Amino acid sequence: MIKRLIDYIKEIMHNEQFQKIFRYVFIGGLTTFVSFGVFWLLAYPVKMNPNIANIISVICAVIFAYVTNKIFVFRSKCRTTKELVIEAFSFFSSRGITMLIEIGGVFVLTSLRIEAMISKIIISVLVLILNYLFSQFLVFRT
């Protein structure tokens, strides 16, 4: 029984789609660290206004997410500058849409008297899935 379970796990681990999802989630974690790192650097040592530091950190995180997802997850190759601009615009537009969905979702769940951090976790997981689907089928078209 245990051997079959281990063999099944090995089979899943070698699945290309699983590896792509795993890399996507891993890069999502790295993106979070980039966002927090830039925010901390700007807000504390540089003593920048926290709101401006937050905006800059989010922009840096989205750029980091685009570049790393393009290279390591979806392995997208653009033949022309026009293709690259369209792909980048699609990525940033989809992230903008999902950020609005996240803000609205947390607002709705908290208005239903669900604790704020629980609401944030629920919506963040749903938005992660939505971001992956947007990236997979609309942005990088793999």
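Note that the coordinates shown come from a computational prediction; the quantities given were computed from them, not determined experimentally.

Procedures and definitions
For every chain, the first residue of the written sequence is number 1, and numbering continues from 1 along that sequence. The predicted origin of the model limits local features to residues at a pLDDT of at least 70 and limits the giving and counting of side-chain atom pairs to 80 or more, whereas totals for whole chains, interfaces and linings rest on all residues. Hydrogens and waters are ignored; side-chain quantities use all the structure's heavy atoms. For the purposes of this entry, the term helix denotes a DSSP run of H or I that reaches at least four residues, the term strand denotes a run of E that reaches at least two, and both are numbered from the N terminus. Working rule for contacts: check all heavy atoms of both residues, and any pair within 4.5 Å makes them a contact. UniProt positions are given in the numbering used here, feature names are shortened, and annotations may be inferred rather than shown by experiment. A side-chain nitrogen of Lys or Arg and a carboxyl oxygen of Asp or Glu constitute a salt bridge if their distance falls within 4 Å. Burial status follows relative accessibility: with a 1.4 Å probe on protein chains alone, a residue under 20% of its type maximum counts as buried, one over 50% as exposed, and anything between as partly exposed.

1. Considerations on the environment of Phe-91
No. 1: Summarising the element assignment, Phe-91 is placed in helix α4 (residues 81–111).
No. 2: Once residues lying within four places of it in the same chain are set aside, the contact partners of Phe-91 are Val-62, Ala-65, Tyr-66, Asn-69, Ser-135, Val-139 and Phe-140.

2. A short note on the UniProt feature "transmembrane region" (unreviewed entry) in the protein chain
No. 1: Using the residue numbers shown here, the UniProt feature "transmembrane region" (unreviewed entry) corresponds to residues 21–46, 52–72, 84–109 and 121–140.
No. 2: Split by type, residues 21–46 is 88% helix and 0% strand. Its first and last C-alpha atoms lie 36 Å apart.
No. 3: Secondary structure content for residues 52–72 is 100% helix and 0% strand, while the C-alpha to C-alpha distance between its ends is 30 Å.

3. Some words on the pattern of salt bridges
No. 1: Taken as a whole and assessed by the stated rule, the structure comprises four salt bridges.
No. 2: Where Asp-7 meets Lys-3, a salt bridge forms, and the shortest distance between an N and an O atom there is 3.3 Å. Here the residue Asp-7 and the residue Lys-3 both occupy positions in helix α1 (residues 2–13), the gap between them amounting to four residues, near one helical turn.
No. 3: The partly exposed category is assigned to Asp-7, whose relative accessible area is 36%.
No. 4: On the basis of relative accessibility, which here comes to 59%, the residue Lys-3 falls in the exposed class.
No. 5: The residue Glu-102 makes a salt bridge to Lys-120 at a minimum N-O spacing of 2.7 Å.

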